[in-house]
Amino acid sequence: MKTLSLGTALGVPLALSFASAAMAEVGVSPTVWSVRTDTLEYRMGAEENSFAWGVEAWIGNDELRLVWKSEGAKTEGGDFEEMNNQIRLQMPITEFFDGFIGGAASTPDGAPDRYYGTIGVTGLAPQWFEVEAALYLSNHPYLNAEVEYEGLLTNRLILTPSIEVSLPLADDPEREIAAGGASAAFGLRLSYDLIGRSVSPYIGVNYERAFGETADIRRGHGHDIEELTGVFGVNVMF
Amino acid sequence: MKHTNFLRPLAVVLGLALGVPAQADTYNITVDKVRIDTGMFKKNGIGYNGSQTPSILHFQEGEDVVIRVKNNLRESTSIHWHGLILPFQQDGVPGISFDGIKPGETFTYRFPIEQAGTYWFHSHSGFQEPDGAYGAIVISPKGGEAVPADRDYVVQFTDKHPHSGARVFRNLKASADYYNRAQRTAQDLIEDAGAEGLKAALQDRKMWGAMRMMPTDIEDVQGFTPLINGASTQQNWTGIFKPGEKVRLRLINSSATTYFDVRVPGLKMTVVQADGNDVKPVAVDELRIAVAETYDVIVQPREAKAYSIIGESAGRTAMVRGTLAPSQGMVGPIYKMRPEPLLTMADMGGMMSGMEHSGMDRAGMDMSGMDHSGMDMSGFDMSGMDHSGHDMSSMEMSGMDQSGTDTGGMDMTSGLPVVPAEGAKGAAFYAPGSGLIPTAANGGKFLGYENLAARKPLYRDRPATREIEIRLTGNMERYIWSIDGVKYEDADPIRLKYGERVRFKFVNETMMAHPMHLHGMWTIIDTGKGPYDPVKHTVSVAPGTTLYTETEVDAPGQWAFHCHLSYHMAGGMFRKVIVEGGPS
């Protein structure tokens, strides 16, 4: 978990810079923070099981937020097959959208580490779609876009479809990635807000697939290009 | 209250000459950490004099009070005397009137009581007020009450939430709909599709979705237990009466964010006072008390039975029952909560008026569709449209324009009671077609500001010297609240001149009602009654409306001016007002 400590090392000093405003003065908006997961789950696949997470923590005010995002998956008893961390500064650019700029690290086991500068937008699109789009810049740049929708079956039972697409802009053979060969993850999760919005257990499915030349490379190496898993987990927010 | 300013030095001189000390009673208040038990949940909170039951301070008009406030908390505190006319250094707002009261310290407030009526007091520090730091003030008038009663009770409402105020605020910042458990669901869509047709139901969703607004966004914070005098429904606060007696109920809304619709089923309530000032008595069946307002009502229960005092939140997510009974232990009936209201496009009117002309096609909104019932549109102030400073360009209005051609999708009153023309019960201070317009549970009279008339003019009526526009602004999704698009921390103070009469034009460009409170000076609501316009300290500005008030600037110093919803105030809907000149 080396990048977790990297995130902490970067995050704490930056967080302290917000702390001066933390004491509430009359009428002055205090510094606030939040931690929430959108994935904290056990995935059951045809061949192997894994544990996956997606966490976002932030501290800041209306003008500026410091955000740490962590996503990854660890196979049961095995490697971190995915490990992505980013630290970014995020600020409002329109009524419903934030812009952000930061640094990201992709450090899974069994593949070379990649470090990126990232710039993107995140926010709420019309019709309540939560979207994020970002450009990751390095020798191996890629575009990433995520869309999520919370469908309220009731006020507590929520069905959340999600799509995440990554589009590599350069070849990265060591990671079995080809320029233009996208990979995508589709999720459908049914959650129930058990304790406020703090604890929300869920079940669902997660489907990941590689396309184009990226898929060709993986096939050539005898690897799967798609994976369907049943998932169960619990999202937390505090 | 200017005359008393003149008379006071005279009285002091006379007092000295005659060797008679001015009457000065001393009151003691401790600010304590308390355990709050609502019967539904227990939590740590703050209370005065060690109790979750709000303390009542009884003053006499004309006395000089000395109030010693001891802070037993581990953080600074303050007490603001809400609605009292006093020297600004005694007003109790940290950073504006004084430095606050540090842990362990005792601060002594000293001021003359120049008025009579029902008021309240609360902490103006952090989120201590939602955490429980509030109490009531009852000031007896010199010549006795204008409308005498046999019994006299304070009925103080609050919305006690299991989360601390700081946590509520943090959660709202993290997710503005965190506490909204009355959102429209798939089930509602199916029901609406059944009632209106699928196309209309989808159009309606599309229109709200395009704005990223929720028609259910009436109460920011749900999940609270409302209390009357510190007691939940289950704990049942009870006031005793003998049949036939006149009972004065001093209604005070000390909630963090909740408006209450108050009624005593089976009895008329005669409103005799609003925000401490006597009004011409008006009999109503129900009234809506905005956060920080007070209303004195007189009821006359004639039967030897238990009557309920019902406070139902305006968003219909919570209800509290207290009891009026001939003896302790009796319990008033509980009533079913009425259905949750929905905001309409009329309540969004202010948001649209804040936009540039190019931003939307007003014709496309088909306002004529609203007009079928002969609605009075005069209250719908469009002048805000010129404010190009308010950047709403990112709002996707295209969805509205499309649906505007389809009256099915834009029928703003569909499924809602059609609002009659002017003279509608309690409707004058809401946007025409608003989903928030209250109706009495028994179909009777619901109090509106238009029904309030001062019993005696407090001030000579004169034209205002100037007008100041106050646009109430915000970003619901980000939970940012502001005035004229600027938060308190980024704003210059509003400067008034001693002796002037300022006309405030409140333009609510948000989708929520804001109870605006000016400290230190009275707020006269323009209801078209000239010298008899009601005089208040807090005025609720409904969404999508423009409302005018006037203030005689008769109190030198610096004062707070803000929305009294705790989390809007903390979010930045706040200004410092500096009164320049005048006696020091």
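Since this is a predicted model, take the numbers as computed values, not measurements.

Here we come to the overall build of chain A. Helices and strands together make up the secondary structure of chain A, namely 2 helices and 13 strands. Buried positions account for 44% of the 238 residues belonging to chain A. Sequence-distant contacts in chain A: of pairs separated by 6 or more residues, those separated by 24 or more amount to 44%.

As a further point, take the interface of chain B and chain A. Note: interface size is frequently given as the accessible area lost on complex formation between the parts. Facing the 49 residues of chain B at the interface are 37 residues of chain A. Between chain B and chain A the total buried area reaches about 3,400 Å² when both faces are included, carbon and sulfur atoms providing 53% of it. Looking only at chain B, the three residues that lose the most surface to chain A are Arg170(B), Arg181(B) and Arg212(B), adding up to 24% of its buried area. At the surface where chain B touches chain A, the tally comes to 5 salt bridges. Taking the shortest distance from any N to any O, the salt bridge between Asp62(A) and Lys173(B) comes out at 2.5 Å.

With that settled, the discussion passes to the sheet that holds strand β1 (residues 24–37) of chain B. Residue and element names in this part refer to chain B. Read across the sheet, 4 strands follow the order β2-β1-β4-β6 without closing on themselves; strand pairing throughout is mixed. Each edge of the sheet is formed by a strand with only one pairing partner; in this case those strands are β2 (42–48) and β6 (106–112). Across this sheet, the average inter-strand angle for adjacent strands is 20 degrees, counted without regard to direction. Direction of pairing for strand β4 (residues 64–71) relative to β6: antiparallel, over a ladder of 7 bridges. Each residue of the ladder has a partner; that of Arg-68, found in β6, is Thr-108.

Right, let's get into the nonpolar core. Counting residues in each nonpolar core, the largest one holds 137 residues, and the members touching the most others are Trp81(B) and Leu249(B). Considering every element that reaches this core, the biggest residue donor is strand β8 (residues 134–140) of chain B, with 5 residues. Grouped together as the second largest cluster of nonpolar side chains are 8 residues, Val26(A), Val28(A), Val93(B) and Phe574(B) included.

Turning to the pairing of strand β13 (residues 226–236) of chain A, a few remarks are in order. Residue and element names in this part refer to chain A. As defined by bridge partners, strand β1 (residues 32–44) adjoins β13 across 4 bridges and the pair is classed as antiparallel. Considered in β13, the bridge of Tyr-42 is made with Phe-232. Here 11 bridges tie strand β12 (residues 199–210) to β13, and the two strands are oriented antiparallel to one another. Within β13, the residue paired with Gly-204 across the bridge is Val-231.

Overall, the coordinates contain 30 aromatic pairs over all chains when judged by the stated rule. Both rings, one in Tyr27(B) and one in Phe59(B), keep their centres 4.8 Å apart while their planes meet at 75 degrees; by these two values the pair is edge-to-face. Placement of the pair is Tyr27(B) in strand β1 and Phe59(B) in strand β3 (residues 56–60), with a sequence separation of 32 residues. Under the relative-accessibility criterion, Phe59(B) is labelled buried at 2%. The structure contains a cluster of three or more aromatic residues connected by ring pairs, namely Tyr48(B), Trp81(B), Phe98(B), Phe107(B), Tyr109(B), Phe111(B) and Phe121(B). For the cation-ring pair, Arg65(A) lies above Trp58(A), with the distance from its terminal atom to the ring centre recorded as 3.6 Å. The ring of Tyr335(B) carries the charged tip of Arg263(B) above its face, separated from the ring centre by 5.6 Å.

Further remarks concern a negative patch on the surface. A cluster of acidic side chains, namely Glu47(A), Glu48(A), Asp79(A), Glu81(A), Glu82(A), Asp109(A) and Asp224(A), defines a negative patch on the protein surface. Within the secondary structure, Glu81(A) sits in strand β4 (residues 80–92).

Enumeration over the complete set of coordinates arrives at 47 salt bridges over all chains. A salt bridge links Arg478(B) to Asp98(A); the shortest N-O distance between them is 2.6 Å. Of the two residues, Arg478(B) is situated in the loop between β20 (466–475) and β21 (480–483) and Asp98(A) in strand β5 (residues 97–106); the pairing between them involves two chains. Asp98(A) carries the same exposure label as Arg478(B), and that label is buried.

The rules behind the values
- Residues numbered from 1 in each chain as written.
- Chains lettered and ligands numbered in written order.
- Predicted model: local features only at pLDDT ≥ 70, side-chain atom pairs only at ≥ 80, totals over all residues.
- Heavy atoms only, no water.
- Helix = DSSP H or I, 4+ residues; strand = E, 2+ residues; numbered from the N terminus.
- Buried < 20%, exposed > 50% of the residue type's maximum accessible area, 1.4 Å probe, protein only.
- Contact = heavy atoms within 4.5 Å.
- Buried area = accessible area lost by both parts, 1.4 Å probe.
- Salt bridge = Lys/Arg side-chain N within 4 Å of Asp/Glu carboxyl O.
- Pairing = 2+ DSSP bridges.
- Axes fitted to C-alpha atoms, helices over the stretch in contact; angles between N-to-C directions.
- Core = buried A, V, L, I, M, F, W, Y, C linked by side-chain atoms within 4.5 Å.
- Phe/Tyr/Trp six-rings, centres within 6.5 Å; stacked < 30°, edge-to-face > 60°.
- Lys NZ or Arg CZ within 6 Å of the ring centre and 35° of its normal.
- Patch = residues over 30% accessible without salt bridge, like charges linked within 9 Å, V, L, I, M, F, W, Y side chains within 5 Å.
- Areas by Shrake-Rupley, 256 points an atom, 1.4 Å probe, with all protein chains shown as cover.
- Lys, Arg positive; Asp, Glu negative; His and termini not counted.
- Charge placed at Lys NZ, Arg CZ, Asp CG, Glu CD.

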